[in-house]
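Working through the structure, step by step
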Amino acid sequence: MNDARVGGDAAPQGARNGWAVPRSVWVLPPVVVLALVFLYPLGLVVQQSFSPESGGGAFDAYASVFASQGFREALGTTVWLAVGATAGCLVLGFVLALIIAFVPFPGARAVAKFIDVFLSFPSFLVTLALLFIYGTVGMANGAWTGLTGADEGPFHFLTTPWGVLLAEITYFTPFVMRPLLAAFSQLETAQLEVAAGLGARPARIVRQVILPEALPALAAGGSLVLVMCLNEFGIVLFTGAKDVTTLPMLIYGKAILESDYAAACVVAVVNIAISVGLFGLYRVVSKRAGA
C-alpha cells in the first residue's frame, strides 16, 4: 500500500511536501478587500461624526443634529414613507402574484419573466415614466386640458409625499412578487384541489392554505423593501418633491449643498444604524419562524 495514503485517501500535495497552507491565509485576501472597500470608508464616516473638522466635543454634532427640527421631520418622513410603501408593496405584490400563479391567462409566463427583468431597472426610470404620465405636462394632464379646455390639469400629486409613495410602491412591488412566485411554484396543487373539493371558497383557500405558505416569502420580500425604502434617494430626487425630505436627502443637502460634513456623517450613521437594526430584527424573526 502506498504510504502517502491514509484511510484510502491521498494526502494533499502540500502536506506531503511539508508546506500545507493554513485556511486562514485563503480567508485573508477577501477580508482585506472588504475592509479597504467598505469598512474603511464606513469607519471614516463614523470617525467624522464624532470628531468634526470644525472642532468641539465628541457628541456635539450629534446633539446639534438631534435637536434640529429638520432632522426630526426627515426621520418621521423616512419612516412613514418606508412603512407605507412596504405595506402597499405587500398587498399589491401578494394580489398580483396570486393572479400570475393561480389564474391562467395568456402571457402569464412572460409576465413572470418580465418581473425578473424589472428588478434590474434603476429606480429613477420608473419615476421618469410616472412623470410622463402624471407630471405637470404629462399625458393625464394633457388629456384633461384637451377634453375640458382648462389651462392646466388636476394631477399634481407627484411632487407631494403621495407621489413619492406611489413611485416607491410601483418600483418595489416586484421585489415582493419574486419570492412569492417562487414560493407559489413549490406549493402542492393537491392541497388546493382537496380544499376546493371540500367546498372551500377561493377566499378561504387563499386565507387558510396559500397565505400560511407565503408568510416566509412575504417576510423576506417585505423586509428587503423596508430597508431599501429607508435608503431610497433617486425616487425622491426625480419626483421633484421639494417639500419631501428623507434621511438620504438630508445627507445630500448637508454634505453637498451646505458642506456640513459632520452633520451629514451623523445622519448617515443614524440611517445605517436603523437599516442594520431592522435587518438584525428580520434575521431573528425569520429564524424563529423557520423561514
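Below is a short write-up of the structure. (Residues numbered from 1 in each chain as written. Predicted model: local features only at pLDDT ≥ 70, side-chain atom pairs only at ≥ 80, totals over all residues. Heavy atoms only, no water.)

Structural notes on the overall build of the protein
When helices and strands are tallied, the protein shows 13 helices and 2 strands. Within the protein, the fraction of its 291 residues that count as buried is 32%. Across the protein, the fraction of contacts at a sequence separation of at least 24, relative to all contacts at a separation of at least 6, is 70%. (Helix = DSSP H or I, 4+ residues; strand = E, 2+ residues; numbered from the N terminus. Buried < 20%, exposed > 50% of the residue type's maximum accessible area, 1.4 Å probe, protein only. Contact = heavy atoms within 4.5 Å.)

What to know about the side chain of Thr127
Position of Thr127 relative to the elements: it lies in helix 6 (residues 123-134). When near neighbours in sequence (up to four residues on either side) are disregarded, Thr127 contacts Ala167, Ile235, Phe238 and Thr239.

Section: the environment of Gln186
Mapped onto the fold, Gln186 is located in the loop between helix 8 (161-185) and helix 9 (189-197). Classification of Gln186 by relative accessible area gives exposed; the value is 67%. Placed 27 residues apart in sequence, Gln186 and Glu213 show a C-alpha to C-alpha distance of 9.5 Å.

Focus: the state of the cysteines
The final tally for this structure, using the stated rule, is 0 disulfides. No disulfide involves Cys89; its sulfur sits 5.9 Å from that of Cys229, the nearest cysteine. Of the residues examined, Cys89 reaches a relative accessible area of 0% and is grouped as buried. (Disulfide = S-S within 2.5 Å.)

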